[in-house]
Amino acid sequence: MCRLSGRYRAEGSCEDHQNMATKTTLLFALLTAAWLLAEVAAGAGGDAGDFEKQIAPLLVRRCLGCHNSSELKGQLDLTHRQGALAGGDSGAAVVPGKPQASILLERIADGSMPPEEQGDPLSAAEVALVRRWIERGAAWPEARVLSPFELTTEHRAGRDWWSLQLVARPPLPAVKNASWCRSPIDRFVLRKLEQQGLAPAEEIDRVGWLRRAKFDLLGLPPTPAEVDAFLADNSPDAYARQLDRLLASPHYGERWGRHWLDVVGFTESDGFENDKFRPHAWRYRDWVIDSLNEDKPYAQFVTEQLAGDVLPGATGDSMAATGFLVCGAWDEIQNVGASKPEMRRAHEEQIAELIGTVSQTFLGMTVACARCHDHKFDPVPQSDYYRIKAVFDGVDHSRGRTLGNRPLLSPADLARHEQALEPLQAKQKELEQQLAQLDDALPGDAVVEKFDDKTLADGRFGSALDARNTHAATKSRPGYHQPPLTIECWVRLYSKESFNVFLAANLKNSGEHWELYSFRGQGDFSVYLPGYSPAEIRSGAVITDGKWHYVAMQFDGEEVRLLVDGEPVKQQTVKRIKPGGELGELVFGGYPAQKIGCDGLVDDVRISSAIVPIEGVPDAPLQRAAQTIGLWRFDQARGARFSDDSREENETLRRQVAEQRSTLAKALAQTKQQIDALAPPLGYIGFRNQPEPTHVLLRGEIKSPGDLVTAGALSTVAAPTPEFGLDEAAPEGERRLAFAAWVSDPANPLTARVLVNRLWQHHFGQGLVKTPSDFGFNGGLPSHPELLDWLADDFRRSGGSLKHLHRRMMLSAAYRQSSRFDERAARLDADNRLLWRFPPRRLDGEIVRDAMLAVSGEWNRRLGGPSFQPFTVTVFNTHFYHLIDDGRADFNRRTIYRAGVITGRDPLLDALDCPAPAVSTPARRATVTPQHALSLMNDTFVLRQAERFAERVRREVGDEQQLDAQIQLAWRTAFSRPATEEETAMSRRLIRAHDLATVCWVLLNSSEFLYAP
């Protein structure tokens, strides 16, 4: 292609971008020289003085790269007449009628300009042309302002760049071997091959085509039954009907939804320092899958993602689509709670990421490169970046400290929901108040059973719980008994009243103690260890079921563990709700009175007075009758004492209160169920704020605002108009609607080309343009430009149907080619850009995993809904995701439903080049490393699927003696073909030496399983 004119060469082979750039430079020089010689020859006729034809193109291509209004090298601006006449640091650049006084002519004549890095010196013909123009008065229309974006040069694209030109339907080219063609696509492909003296590969067999097609559309291998049915269909339209069946599958959206989520950089966690999980982000993922399954017109698909929440008649479905606007990573620390300048700076970064995602996803242009200055390579002025920023400046992940989970209800539906919710919430509050009043009247709620010292005299557990070792709140003192190895008690929770149980321990005579406590309204036990840092405390348990539980603290050197019913507790919870203060005196029989205080953990202390049978506790050597130590309640106001005489009265009161409480609790539970039933679906879609007027930021600096701009689009795209006609106060939603309409307009030259290229890439291994998200100067050039435009026009005529495009591409002869290698073709076209064969491709990591689940019979086919989370989470300043791998059904869903958290990635998927969440990946890598083989051989998931695969084969074949039948079923299931005699014999030997699972493991590790044909 000639970069000067933005038009394509009709002849020649396709080269990589670097080779093309070299050829373009030579072509540019030749064409320029020829043009100038023709102009000089015509000079006698007066055409040499024509500014528009001769001088303006020369200045734009050779001078404006350094001397324009944005980049004033030597303070010289050659974009308008006044600048040329005024000159720069060295004096007047142009003096009409006086070439000898014109610095511009002097510098281009001696070769000092343009600089070496900007290209070769001007030719003699070019210098002569400039001299004659100056001699004749340097005619320059007063209103004519040149722009470096006007024309494509050796160093940058102009407005005539190929991707910015309107899409026009090219005629079908003539070819020699027309009988090979099954589709208009084939004529464009075959013409390129014939020009290089190449021929396409032979046609793939039907089973290979079916396997290729099903992996392409569904990401799954065909079943033996599907293979048999397709082979038995001899109708002329068998291929077309098979495609229709595949495209009608709900699993189509799962496969192609993954491609789209790669492009937009979808994540289900925040990333950055916190990496907080987003439990409702899956709504956007499901919207993408559902939209693809229903073949939503692409214009609507685009519009709903950009402005689905402000469409007339917006629905929860269209609102979920705007999860696109906040689907990337987000720095909560910088955006919430930081200083105002830091929050402003963080917002600028967030919007820059969004503009980059929007422009590259839909337009294939790197608009974000113009944030600080005019784009260095594409015709995108800095003002265009800020025009688009004015469109999205109101998008945010949070509103204050409220994160971006919002009800997926229209404003009218939301108002009706709140109206229905109001009386139920009032009822809930009233019932909770009544319950709290009853709880205040309820006596002692916890029973602590203590072991007699005599029963523990063997010293294995040291001293039992003793009143002399019991202290309120966090009080502690030295002088305990000898350090115990274990401290034990039985605890039963009767209600959610406040209580405090102390388990004292002398840890290296430090005077520290463990404290098991809870308080009103929470109903959970927590463990508190004074003197230890939070990192060293890793305990906590929930005991609210009204049953007896065995609680023990174990001390082993420096390690201290809490056990509940013999199981170690890992979570730590420390909560405080009450102010500190003195509670009263605690008297234990004959022991002296002891002052009781509170540091904010509890407001009273209760310890049992009676020997209570430990019902439901398994018989154990340590189970003993409890020693009576007295029942006491300490009230902060009165320090009241409850003696044994009040026990019967308390029990009567307990029964009465319990009956009332049961009635209220049932009513409260029913009310909460009614409230839960009304809960609207939530989606992580962020918030929208009305932005302040948008200014260009000079050098991208927030402290240097420049000109005011209003919402608009790329000014270098002629149609549709990039001007929205909105002022700086236009509502935020109107801006996004206008931008969405501009992107999805059929006249937009970028939108259809970019989308068509993405589909071609996923069907043929690489796009017609190798850089699917960059159609600018630094991107690749189309291998088949006319084919790209023909498909873009065909796509628009179909109404924007992606499934129509699939049929077009997959029913072509080009798609039916085999992967046969041709040494001569490879020498001429090593990257197969001419498509002389169908490129063999390794399956994406997710598809490898899904295919294993499919052949093993473990695949959970459930569609949509919250993502499965194969990890546990520890929150300590940040979120730590600890991976889990087991065979539970929920973990056997398709990989697209795996929670995509940034720091909780799967090692097997990583080894197979799956991209990180939040990273836009328009084209995946396909590396070959030792880690691939090691992961596939040793990963526990792979080993488990091999075992399940073998179990499935044995189950379906039935008779254990039918070894050959098992082998054939395994081969047909994994490879869609029977095993050969040699493969059968090899499998027999392997089964006898090991087992069928080993054979299945080999199949899952084979290249035939991992590569599409």
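This text gives an overview of the structure that appears in the document. (Residues numbered from 1 in each chain as written. Predicted model: local features only at pLDDT ≥ 70, side-chain atom pairs only at ≥ 80, totals over all residues. Heavy atoms only, no water.)

1. Digging into the packing of helix H27 (residues 940-957) against helix H28 (residues 963-975)
Contact geometry for H27 and H28: axes closest at 9 Å, N-to-C directions at 125°. Between H27 and H28, the interaxial angle falls into the category oblique. Crossing hand, H27 versus H28: right-handed. Contacts between H27 and H28 involve Phe 949, Arg 952, Val 953, Arg 954, Glu 956 and Val 957 on the former and, on the latter, Ala 965, Gln 966, Leu 969, Ala 970, Thr 973 and Ala 974. Here the contact of H27 with H28 is composed, by residue class, of seven nonpolar, two polar and three charged. (Axes fitted to C-alpha atoms, helices over the stretch in contact; angles between N-to-C directions. Helix = DSSP H or I, 4+ residues; strand = E, 2+ residues; numbered from the N terminus. Parallel < 35°, antiparallel > 145°, perpendicular 65-115°, else oblique. Left-handed = near helix turned anticlockwise from the far one by under 90°. Contact = heavy atoms within 4.5 Å. Nonpolar A, V, L, I, M, F, W, Y, C, P; charged D, E, K, R; others polar.)

2. Concerning empty space enclosed by the protein
Going through the model one piece at a time under the given rule, you end up with twelve cavities of 30 Å³ or more. A volume near 330 Å³ is recorded for the largest cavity. Those elements giving two or more residues to the lining of the largest cavity turn out to be helix H10 (251-264) and helix H25 (907-911). Take the lining of the largest cavity: its biggest share by element is three residues, from H10. (1 Å grid on protein atoms, 1.4 Å probe; cavity = no way out; pocket = protein on both sides within 12 Å on 5 of 7 lines; lining within 4 Å. Points joined across faces, edges and corners; volume = space filled by probe spheres on them.)

3. Topic: the pattern of salt bridges
Enumeration according to the criterion identifies 57 salt bridges in this entry. With its nearest N and O atoms 3.2 Å apart, the salt bridge here joins Arg 258 to Asp 262. One end of the pair is Arg 258 and the other is Asp 262, both in helix H10 and four residues apart, which spans about a single turn. For Arg 258, a relative accessible area of 15% translates into the label buried. Looking at Asp 262, the relative accessible area reads 6%, which means it is buried. For Glu 348, the salt bridge goes to Lys 389, with nearest N and O atoms at 3.2 Å. (Salt bridge = Lys/Arg side-chain N within 4 Å of Asp/Glu carboxyl O. Buried < 20%, exposed > 50% of the residue type's maximum accessible area, 1.4 Å probe, protein only.)

4. Quick word on the environment of Leu 190
Along the chain, the position of Leu 190 falls in helix H6 (residues 184-195). Ignoring any residue separated from it by four or fewer positions in sequence, one finds Leu 190 in contact with Val 175, Asn 177, Trp 180, Cys 181 and Pro 200.

5. A short note on the side chain of His 397
Looking at where His 397 falls in the secondary structure, it is placed in the loop between strand S1 (395-396) and strand S2 (398-399). With relative accessibility at 3%, the residue His 397 sits in the buried group. Polar contacts involving the side chain of His 397 include one to the side chain of Tyr 684, which spans 2.8 Å. Sequence-distant contacts of His 397, that is, excluding residues within four places in its chain, are made with Arg 278, Val 326, Gly 328, Ala 329, Trp 330, Gln 350, Leu 403, Gly 404, Tyr 684, Gly 686 and Phe 687. (Polar contact = N/O pair within 3.5 Å; in protein donor to acceptor, adjacent residues only side chain to side chain.)

6. Quick notes on the nonpolar core
Leu 306, Phe 362, Phe 392, Leu 714, Phe 739, Trp 760 and Leu 791 are the most contacted members of the largest nonpolar core, which has 163 residues in total. Ignoring any residue separated from it by four or fewer positions in sequence, one finds Leu 714 in contact with Leu 363, Met 365, Val 367, Val 380, Asp 384, Ile 388, Pro 722, Trp 742 and Leu 750. The next biggest cluster of nonpolar side chains, apart from the first, holds 26 residues, and it includes Val 94, Val 127, Ala 138 and Trp 140. (Core = buried A, V, L, I, M, F, W, Y, C linked by side-chain atoms within 4.5 Å.)

7. Side note on helix H22 (residues 802-810)
Those residues of H22 not exposed but buried are Leu 802, Lys 803, Leu 805, His 806, Met 809 and Met 810. End-on view of H22: buried residues confined to an arc of 155°, all on one side of the axis. (Arc of directions from axis to C-beta.)

8. Brief notes about the packing of H6 against helix H21 (residues 785-797)
At a closest axis distance of 9 Å, the pairing of H6 and H21 adopts a crossing angle of 170°. When the axis of H6 is compared with that of H21, the two are roughly antiparallel. Of H21, the residues touching H6 (which contributes Pro 184, Ile 185, Phe 188, Val 189 and Arg 191) are Glu 786, Leu 787, Trp 790 and Leu 791. When its residues are assigned to classes, the contact of H6 with H21 shows seven nonpolar, no polar and two charged.

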